[in-house]
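# Fold and geometry: a report
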Amino acid sequence: MKLSQMYLRTLREVPNEAEIPSHILLLRTGMIRKLVSGVYGFMPLGLRSYHKIENIIREEMDASGAQEIHMSAIQPAELWQESGRWNAYGPELWRIKDRNGRDFCLGPTHEEIFTDIVRDGVSSYRQMPLMLYQIQTKYRDEARPRFGLIRSREFVMKDCYSFDVDEEGLDRSYKIMYDAYDRIFRRCGLNCRPVEADTGAIGGSNSHEFTAISSVGESEIAYCEHCDMAATVERAECVDAAPQNDVEALPMEEVETPGTKTIEAVADYLHLDTTQTIKALLFVTYDEEGEENGYVAAFVRGDRECNMTKLVNALDIAEHQIAFADEEAMGSATGCVGGFTGPVGLHDCTIVVDSELPGLKNLCAGACKKDHHLINVNYGRDYTGDIVADIKQLKEGDPCPVCGAPVKHARGIEVGQVFKLGTKYSESMHAYYADEKQQEHPIQMGCYGIGVTRTLAAIVEQHHDDDGIIWPVSVAPYHVIITLVKPQDEAQAAAAQKIYDELQAAGVEVLLDDRKERPGVKFKDADLIGIPIRITVGRLASEGKVEYKLRREQDKTEVTIEEAIEQAVALVNAERRG
Ligand code: ATP
Ligand code: MG
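Overview of the structure. Being a predicted model, the structure only gives us computed values, none of them experimental. (Residues numbered from 1 in each chain as written. Chains lettered and ligands numbered in written order. Predicted model: local features only at pLDDT ≥ 70, side-chain atom pairs only at ≥ 80, totals over all residues. Heavy atoms only, no water.)

Strands sit in the order β28-β27-β29-β30-β31 across an open sheet of five strands; the sheet is mixed. Every other strand in the sheet has two partners, leaving β28 (510-513) and β31 (556-560) as the edge strands with one partner each. Here the average twist between neighbouring strands, direction ignored, is 25°. Packed onto the sheet, helix α12 (residues 490-505) meets β27 (480-484), β28, β29 (533-537) and β30 (545-550) and runs at close to 170° relative to β27. (Pairing = 2+ DSSP bridges. Helix = DSSP H or I, 4+ residues; strand = E, 2+ residues; numbered from the N terminus. Axes fitted to C-alpha atoms, helices over the stretch in contact; angles between N-to-C directions. Contact = heavy atoms within 4.5 Å.)

On to the coordination of the magnesium ion (ligand 2). Within the protein, the magnesium ion (ligand 2) binds to E414 (OE) and Q417 (OE1); these donor distances fall in the range 1.9 to 2.2 Å. For E414, a relative accessible area of 23% corresponds to the partly exposed category. (Donors = N, O, S within 2.8 Å, 3.2 Å for Na, K, Ca; no water. Buried < 20%, exposed > 50% of the residue type's maximum accessible area, 1.4 Å probe, protein only.)

For the rest of this paragraph, the subject is unusual backbone geometry. Here the bond from M128 into P129 is cis, since omega is 5°, no more than 30 degrees from zero. Relative to the helices and strands, P129 is located in the loop between α5 (111-121) and β7 (130-139). In this model, D316 sits at a positive phi of 60°, which is unusual for a non-glycine residue. The topology assignment puts D316 in the loop between α8 (308-315) and β16 (322-324). By relative accessible area, D316 is classed as exposed at 70%. With a phi close to 60°, D371 is a non-glycine residue in the positive phi region.

Let us now look at the side chain of T115. Among the structural elements, T115 can be located in helix α5. Since its relative accessible area comes to 0%, T115 is described here as buried. Engagement of the side chain of T115 in a polar contact is seen with the backbone oxygen of E111, the distance being 2.6 Å. Residue contacts for T115: discarding those within four places in its chain leaves Y425, S426, M429, A431 and M445. (Polar contact = N/O pair within 3.5 Å; in protein donor to acceptor, adjacent residues only side chain to side chain.)

Written out as C-alpha cells, the structure is:
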C-alpha cells in the first residue's frame, strides 16, 4: 500500500480524554476512532492489526477442535429469564425493547444462546465432546467506560463454549482451551500470566483469568515466587491468623475513647496494635428489582481490608446489589454509630464476621455508642456472626495461602477468562442428553472468552516507547515501511518501487511512504505507527544502498537493496506466526 493513497490521519497532540499509552497511541496513530464514550471504530491500520489478532485466535481455536459459528447480538429476554440472569446481571446489561414492547438485550456474553443451541440439537452422549465458538460484538453498559479499547461499551469478544457428558470431559475441554490461550497470547507477543479467578456473574466453579502484566491494568493479582500460587486479589485466599487458644478471655469492658473514629486513632489512644482491634464496614443491600432489602455489618481485623468480591459471595448476591450504607439511616434501624460500630449489640442486620476473628481473643471493637469502645471482646461469648467466612483481602507481604512465603502483587489487564460452568445453565435451561442406558443428565459446560479488541490495546501497552507503538511482527498492520526520502528523485523512486515489488512478491506486507512530506515527518509517523522494519531509501539509492532499521532497536545499518530485501523477508518469515 502506498501511503499517499491511504486514509491515514495521525495526531501530534495527545487527545484530552486519553490517560494511558495504548489509548493515546491508538488514537494518535489514527488506528481507532472514537464515536461516543466507550464506542470506537477501526480505521485501515487498526483494522489490519485487529484482523491479525482475530486470525491467530481463529487458527488456535480451529486447531483445538472448536467450530466457528456466528450468533446475533440481539437476544430475547425470555432466554435470560430462564437462566435467571435477566434480573441478576444488573445495569451493565443493555436492555432494549422492540416496537411492540417486547424485551431484548444486546448480548454482553452468550451462555444462554449457546445453551439454547445444544438443548435443541444435542440429545445423545454420542454428540459430545463439542466445542463451538464465535468472534462477535458484545455490549456492556459499563459504569465507567475508559482506557479506550480496554473498557468499552461495544467490544469484540471471542467466546467459546464446551459441552461434555461428565466432569472429566469438562476438565479435558478446559485444559485444551487453557493451553490454546497460552499459545494465542504468546503469539500475540503478550507477557501473560494465568491466575485463578472469581467466577462473578457468569457463575460456575472454577476459573482462570489471563492477565497481561501492565502497570496500568485494572486487575490486581497476587502471586508467590516460591510456589505456583497465582490468583486475582479478588479471589486469593487469605490465611487466618493463628487462633489464640491458650489466651484467657478477659471480662469485656466499656471504655471512653473520645473522637477516635478510625482504627488507627483508637489503637493509638488505647496503646493497642491494630491487629488487636475489629474494623466495621456497613452496607445496604438491594433485591433483584433494585429495592433496598436490608443492612449488612461486616467485621475484619483492624489491620485488614474487606474484600468486596468475597463479601458478596458470602452473602450470595451480585456485586451491584450492595453499596455502602448511609450511617444515619442504618444507625436508627440497627443501633450502629458511625465510627464506633462494633458487633456487640447490633440488631436487625446481617452480621458477617471474617473467619479469623473467632480464633482471636480480647479484641477492641466499637461499643455502638458515641465516643466509646469495648475492650476484651470475644467471639461466642460477646458476639456471633450470621455468616463467618474469609472476607479479607490478601495484601502484599501476607503469607501465601499455599506455601506461607510472603506474596507479591502485580497489576495487569485481563485479556481472557476461562470458566468451568458445570451444569449451571444446562439445569436452569434444561439442556439434557441421554447416556448409553437412555438415562438423562445435564450437559457439563465450560465457557472461554477473549477480549479481542482489549487484546489489541494490551499489546500496545506492552510494546511501545516515547515515540510510538512497536508492533510485534505477528500483529503489525504491515511488516515493512519503505521511507522514500525524495519521491521526485528518479533513482530513489525506482529503488523504492523495486523493494516494494519484491517484498510484496515474497508475501511481505509493505507500506511505501511516497507522500510529499518532509523526511522528518515521515520518520516520526513510521515510529508512531510502529511498523517493525523500516527501509529508508535516500541519497545512496543511486549506488544501490539503503538504510535498514528495526523499530525495536536503535541501530541502523547501511545495506544493499538486495540485502535489505533478504533480511526483511527472513525476519518476517521467522516471526509472522508469532
Ligand atoms: P472485567 O472484569 O474487566 O469487567 P469481565 O471479567 O467482566 O471483565 P468476561 O465476562 O470474563 O469479562 O469477558 C471475557 C473477556 O472480554 C474479558 O476477559 C475481557 O478481555 C473482555 N472484556 C470484558 N469486558 C470488556 C469491556 N468492557 N471492554 C473490552 N473488553 C472487555
Ligand atoms: Mg472476566
